[in-house]
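Remarks on the overall topology
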Amino acid sequence: MKHFAGFAASALALAISAQAFAGTVTTDGADLVIKTKGGLEVGTTDKEFSFKLGGRIQADYSRFDGFYTKNGDTADAGYFRRAFVELGGVLYKDWAYQINYDLSQNSGGDNRKEDGYFDEASLAYNGFSPLSIKVGRFDPEFGLEKATSSKWVTAQERTAAYDLIDWTNGHNGGLGIQLSGSAADSFYGSVGVFSKDATNAAEDGDSTTQFNLRGVFAPMHEAGNVLHFGVNLAQRDLSDTAFDGRIRSRLGMRGVSTDGGQDAGDNGNRLTLAGAEVTPAGAFGDDTAWGVEAAWAMGPFSLQGEYVSRTLEADSSAYDDIDADGYYVQAAYTLTGEARGYKLGKFDAVKPSNKQIGAWEVFYRYDHLSAEDDNGSFASRDDVEGKVHNLGVNWYANEAVKISGVYVKAKVDNATNSNGDDDGDGFVVRAQYVF
Amino acid sequence: MKHFAGFAASALALAISAQAFAGTVTTDGADLVIKTKGGLEVGTTDKEFSFKLGGRIQADYSRFDGFYTKNGDTADAGYFRRAFVELGGVLYKDWAYQINYDLSQNSGGDNRKEDGYFDEASLAYNGFSPLSIKVGRFDPEFGLEKATSSKWVTAQERTAAYDLIDWTNGHNGGLGIQLSGSAADSFYGSVGVFSKDATNAAEDGDSTTQFNLRGVFAPMHEAGNVLHFGVNLAQRDLSDTAFDGRIRSRLGMRGVSTDGGQDAGDNGNRLTLAGAEVTPAGAFGDDTAWGVEAAWAMGPFSLQGEYVSRTLEADSSAYDDIDADGYYVQAAYTLTGEARGYKLGKFDAVKPSNKQIGAWEVFYRYDHLSAEDDNGSFASRDDVEGKVHNLGVNWYANEAVKISGVYVKAKVDNATNSNGDDDGDGFVVRAQYVF
Amino acid sequence: MKHFAGFAASALALAISAQAFAGTVTTDGADLVIKTKGGLEVGTTDKEFSFKLGGRIQADYSRFDGFYTKNGDTADAGYFRRAFVELGGVLYKDWAYQINYDLSQNSGGDNRKEDGYFDEASLAYNGFSPLSIKVGRFDPEFGLEKATSSKWVTAQERTAAYDLIDWTNGHNGGLGIQLSGSAADSFYGSVGVFSKDATNAAEDGDSTTQFNLRGVFAPMHEAGNVLHFGVNLAQRDLSDTAFDGRIRSRLGMRGVSTDGGQDAGDNGNRLTLAGAEVTPAGAFGDDTAWGVEAAWAMGPFSLQGEYVSRTLEADSSAYDDIDADGYYVQAAYTLTGEARGYKLGKFDAVKPSNKQIGAWEVFYRYDHLSAEDDNGSFASRDDVEGKVHNLGVNWYANEAVKISGVYVKAKVDNATNSNGDDDGDGFVVRAQYVF
């Protein structure tokens, strides 16, 4: 005992001397663990409480022409695509909150995002684990690319096919409640109800209620060894609402108003595939979208695709149903050998194994969109189609810094943008960091 | 000594082994204490410095009809009532700062709150304790419910009687300086001067200077054992200013523009009790408000009430004085037995004693408002009156999460809202968390 | 050994007893150091990662007349000049990020600042130390006062001479990349390229590309012992762009729209020295600015000055070149004896040595501006000149709190503001805290 005491005490003496002039850090409650990887995480060891502060910045510089600009000439722009500050934590073990606020300015071209907006502000109850109940503002779940964080989707922009069904997986300022759960490491499901604005809805009347459903079966669910299938369904009733009925797409680039500045995502150069801006109440009823998703990954290679379909059902004999569908196929390969991360239901970060050169990934994605509308000015045209090629490279310098470049080429059949263009090229370089 | 050394050293050895693989956390200055209850607090043990990061989210879902809507039909809405991020701390022992920024969007229906606004951004000097001098942007003090944090007021919305005197306890974007102090655990007082915009004032001229005074005597001042009295006075001089002179009320609900979305607090459905929107300079002079407040709490039961009165003095013979007064009485009872917290001058949180079921509180409040205006279109009418019944329940799941529901019923005499309604019902469910 | 063990162990026992009931704080990675001086800093001892959260608030109360107001009468205003929240850190040793977001509302009178804006959001790579490569949104470098933080410039507002060349050192919402480096503790240089909006540019066309260059030689570079010289150059090509060509100045005060509120910096009372609001594409070509700077400090005394010159070159025979130049000289003296801090290329904080009275500093600055424009309405006038006297006092209560007051007197030759005033007086009191 004496020897042991001597040993321990002298080890202590060394420790004390190594920390000469260092003050102590304690807590007046449960033991804490704290860490930083550029942001900050603090949690009690008994898992009762935690706090995390972080964020993500995506700074884009783009050049583009044709369809992607307002006048068809070449233009360029530098802007923040996203600038999130993220706060989250655990409250009394069973509750968890998350607040993601996007500070990027005018980045969406719509009123919600004049200066900043909530990507998420939610509260979840996890006391019935593995079930989770979440309330607040958050995106409804629909699709694999949407489930994957904007930090770790392969191409800079998610598939253009989502533009056909944008109401299904965006919150548009509303509130919702969602129940989700998983089982056997392979099954995941969620069901949600949301109270939202129908886009540009009139000022009077009830909010629009939306239902979402997602199911995933992933018999293989580890990084570099993924087999993933999923189905999605969303529905809303528009029968009592006047709304902006246009189905539009940016065709794979944010686009800008081409004034060479920060205003990404201006609507001026969107393609309208179907629908009328002013759609009166009573014209349409159920708006239904469904989708299927599949992914396969083996080592550094991954393949994924989704198909989405939407039907806007005519409620009046003066109108015809509007149908739209789209799909994408994407292949990605990490030249440096790392596998894409995977968490049940979604892909995750590529983590570089070589500190000197980071991880290098190349990818190609093909997006296809089409819509059938026999109403109004669309009645006399063939179905509008859009095709987008995306070819790019991602450099993961480390787990926090990602630099990426993508070349996008789009072609439209049977329509043009407001300036008369039916094709366009664009190139985007993005510097991203997360903390 | 030897035995003691052995004991201490072996205790240490155990501690070291329990933290195998755990890195040390030290400070290069004074000793620190750190903690999290979902947010983060760090302070030096010598009290020279501290830092605290937290916030509060209030997500509301409402249904209402009649007076509360623009067209009298039933409507619903989901929106954030408040979404504060809060930063504060101590600087060099004697100074303290506080920044509360509200990120909720369009939540006030006025220009100040287009995307976010400062609830508070202030600096206090506490070197003359128990006196405190505060400068910056913060709400003037007027009334017991206003003194109580929006996190812990009993009903979701503070009394409608405050609508009559809204300029007295809101900062409206100005700056102020305030001296406050307490004595003998029972006396509290504050006096402040504020430089503000008179509501919708013309573009030229000086700012409006406002004086506020509050005094509290609380012979009983512990949770569950409260006897509280207070007086309040506020004055401003409007003689040189054109201003929006309407005295308006939301009658106990935020209301929305009933487009089923996030835009809480639209002005469209407010009741105008008195005053004209365009009031020329020279029409009125002193604007004076006073109020009295009282509260009593015994165990889980609390009773509180306030009376406020305002006189807008005519400065020109072409105008008559405008008078308004209002009051409320509120009773609350915690079914699970907990007492409402109390800190000198204000109520505080109900802290649940039972971890399984939390604390359950029921309450009823009656608000009454009336105004006398013999000018313009009001001259031919009897005095406008508003009456509001609020019946609700609060569930404090723990010290961070509060779910509440309230039913509100309003009736107006001798006036209607812009849509012709003179009564309305509303129901609000709120999910609140603080961190 | 036994004695030592006994000593160490009993010291430990004391430490443990002093921390009775105190929980441990550890990390699951590299050892951490944490500290607070009102904000928060956490870093790993191996320098791989760090995180810092802080901010700055500047609350101003101003009175002014004549030129500084819209109608020439006396007016006053209280508002936030700056309200920054600042996040930054180190990511994987070689990378550093910084996010400074200004929450002060309507503080710039222009669209960029409707509610908040990025002062900086950047990512730097420091792996080639002493070289640093920075990308993102940040101010181009031009001039000594601009290099000095807004927290620690001597007068509340930087020299009015900068108004002549405002595009050179503001980011205006664009993105940039910059290379900087230092050598031998005496040499500093930076070169940057920026993609920006030309002020109020038309909606179509490329962004405006801007180049900046700064070089500093400081043979003496310690607090209280400074000899500093610098040169600056900036250029942009406006030949293809319609733009707002006015060269305007606030003459040393933010000014307000004099509605007695929070709207600092309204444009209504700016002096237009040259240029036309609507300047067509093709009228002018290269816009070039250069400047020289010098500073000398000995003990509590400092002297500094800068000269800036700008030429907007006519590209069409229908236009004449526009020339503008300005300078300032500033003397500052710390009554309590402290020297101004200095870091290579810029001044830093005055740190009070006496805890009771803080540090007191007095200063005087003279600004001079002039412009020659022989186009349009300016052709018939003599050159417009502006002269500004700034006399002030700064009280550094401690390293976090600074209270300052400045009296500003301006006189204009050969022009007036929109209200016909050619001179004005103003007084500003500022309460500033940093954390």
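Worth saying up front: this structure is predicted, and the values here are computed from it rather than measured.

Definitions and limits used
- Note on numbering: residues in each chain are counted from 1, in written sequence order.
- Key to labels: chains lettered from A, ligands numbered from 1, both in the order written.
- Since the coordinates come from a predicted model, pLDDT governs what is reported: local features require at least 70, and pairs of side-chain atoms require 80 or more to be given and counted, while whole-chain, interface and lining totals use all residues.
- With hydrogens and water stripped out, all remaining heavy atoms of the structure feed into the side-chain values.
- Comment: elements are numbered from the N terminus, with helices defined as DSSP H or I runs of at least four residues and strands as E runs of at least two.
- When accessible area is computed with a 1.4 Å probe and restricted to protein chains, residues below 20% of their type maximum are described as buried, those above 50% as exposed, and intermediate ones as partly exposed.
- Any two residues whose heavy atoms approach within 4.5 Å at even a single point are treated as in contact.
- For the accessible areas, the method is Shrake-Rupley and the probe is 1.4 Å, while residue cover comes only from the protein chains on display.
- Should DSSP find at least two bridges between two strands, the strands are taken to pair.
- A patch consists of residues whose relative accessible area exceeds 30% and which take part in no salt bridge; residues with like charges are grouped when within 9 Å of each other, and nonpolar side chains (Val, Leu, Ile, Met, Phe, Trp, Tyr) when within 5 Å.
- The working definition used for a salt bridge is a side-chain nitrogen of Lys or Arg within 4 Å of a carboxyl oxygen of Asp or Glu.
- Positive charges are assigned to Lys and Arg, negative charges to Asp and Glu, while His and the chain termini are left out of the count.
- To locate a charge, the coordinates of NZ of Lys, CZ of Arg, CG of Asp or CD of Glu are taken.
- Centres within 6.5 Å are what make two rings of Phe, Tyr or Trp a pair, Trp counting through its six-membered ring; a difference in plane orientation under 30 degrees is then read as stacked, over 60 as edge-to-face, and the rest as tilted.
- The criterion for a charge sitting over a ring is simple: Lys NZ or Arg CZ within 6 Å of the ring centre, and within 35 degrees of the ring normal.
- Throughout this description, the term nonpolar core refers to a set of buried Ala, Val, Leu, Ile, Met, Phe, Trp, Tyr and Cys residues connected via side-chain atoms within 4.5 Å.

**Some remarks on the overall build of chain A**
Each helix and strand counted, chain A has two helices and 23 strands in total. Evaluated residue by residue, chain A yields a buried proportion of 57% over its 435 residues. A separation of at least 24 residues holds for 64% of the contacts in chain A among residues at least 6 apart in sequence. Accessible area for chain A stands at about 16200 Å²; split by element, carbon and sulfur atoms hold 55% of it.

**Structural notes on the environment of Ile57 of chain A**
Looking at the element boundaries, Ile57 of chain A is found in strand E4 (residues 50-66). Counting along the chain gives 45 residues from Ile57 of chain A to Asp102 of chain A, while the straight-line C-alpha distance between them is 9.4 Å. Apart from residues lying up to four places away in sequence, Ile57 of chain A is in contact with Phe80, Arg82, Ala83, Ala431, Gln432 and Tyr433 of chain A together with Ile99 of chain C.

**Concerning the pairing of strand E22 (residues 401-413) of chain A**
Residues and elements named next belong to chain A. With twelve bridges connecting them, strand E21 (residues 384-396) and E22 associate as antiparallel partners. In the strand pairing of E22, Leu391 is matched with Tyr407. Hairpin connection between E21 and E22: a loop of four residues separates the two successive antiparallel strands. In this sheet, strand E23 (residues 423-434) lies alongside E22 in antiparallel orientation, the contact comprising eleven bridges. Paired with Gly405 across the strands is Val429, a residue of E23.

**What to know about a negative patch on the surface**
Residues Asp237, Asp240, Glu313, Asp315, Asp320, Asp321, Asp323, Glu372, Asp374, Asp382 and Asp383 of chain A make up a contiguous surface patch of negative charge. Tracing the sequence through the fold places Asp374 of chain A in the loop between strand E20 (359-373) and E21.

**Let's talk about the packing of aromatic side chains**
By the definition in use, this model includes 58 aromatic pairs over all chains. The interplanar angle of 75° and the centroid separation of 5.1 Å between the aromatic rings of Tyr101 of chain A and Phe118 of chain A together place this pair among those described as edge-to-face. Within this pair, whereas Tyr101 of chain A is found in strand E6 (residues 95-102), its partner Phe118 of chain A is found in strand E7 (residues 117-125), the two being separated by 17 residues in sequence. Overall, Phe118 of chain A belongs to the buried group, its relative accessible area being 1%. The structure contains a cluster of three or more aromatic residues connected by ring pairs, namely Trp95, Tyr125 and Phe128 of chain A together with Trp360 and Trp395 of chain B. Lying across the ring of Phe347 of chain B, Arg340 of chain B places its NZ or CZ 3.8 Å from the centre.

**Description of the nonpolar core**
With 99 residues, the main nonpolar core has Ile34 and Leu91 of chain A, Ile34 and Leu91 of chain B together with Ile34 and Leu91 of chain C as its most contacted residues. Look past the residues within four positions of Ile34 of chain B in its chain and what remains in contact with it is Val25, Thr26, Thr27, Asp28, Leu32, Ile34 and Val42 of chain A, Leu40, Glu41 and Val42 of chain B together with Val25 and Ile34 of chain C. Ala75, Ala77, Leu271 and Ile322 of chain B belong to the second largest nonpolar core, which has 44 residues in total.

**Some thoughts on the environment of Tyr117 of chain C**
Relative to the assigned elements, Tyr117 of chain C resides in strand E7 (residues 117-125). Each C-alpha atom of the pair Tyr117 of chain C and Asn212 of chain C lies 22 Å from the other, and the pair is 95 residues apart in sequence.

**Comments concerning a positive patch on the surface**
On the surface, Lys37, Lys351 and Lys355 of chain A together with Lys93 of chain C cluster together to form a positively charged patch. Inspection of the secondary structure puts Lys37 of chain A in the loop between strand E2 (32-35) and strand E3 (40-44).

**Remarks on a nonpolar patch on the surface**
Residue and element names in this part refer to chain A. On the surface, Phe128, Leu131, Leu179, Val191, Leu213, Val231, Leu233, Trp290 and Val292 cluster together into a nonpolar patch covering about 770 Å² of accessible area. Residue assignment for the nonpolar patch shows that the elements contributing at least two residues are strand E12 (225-237) and strand E15 (284-298). Among the secondary structure elements, Leu213 is positioned in strand E11 (residues 208-222). Note on Leu213: relative accessible area 43%, which makes it partly exposed.

**As for the pairing of strand E8 (residues 131-137) of chain C**
Residue and element names in this part refer to chain C. Here E7 runs beside E8; their pairing, made up of five bridges, is antiparallel. Counted as the bridge partner of Leu123 is Val135 from E8. Hairpin remark: E7 followed by E8, antiparallel, with five residues in the connecting loop. As judged from the six bridges shared by E8 and strand E9 (residues 175-183), these two strands associate in the antiparallel manner. Among the inter-strand pairings, Lys134 is bridged to a residue of E9, identified as Gln178.

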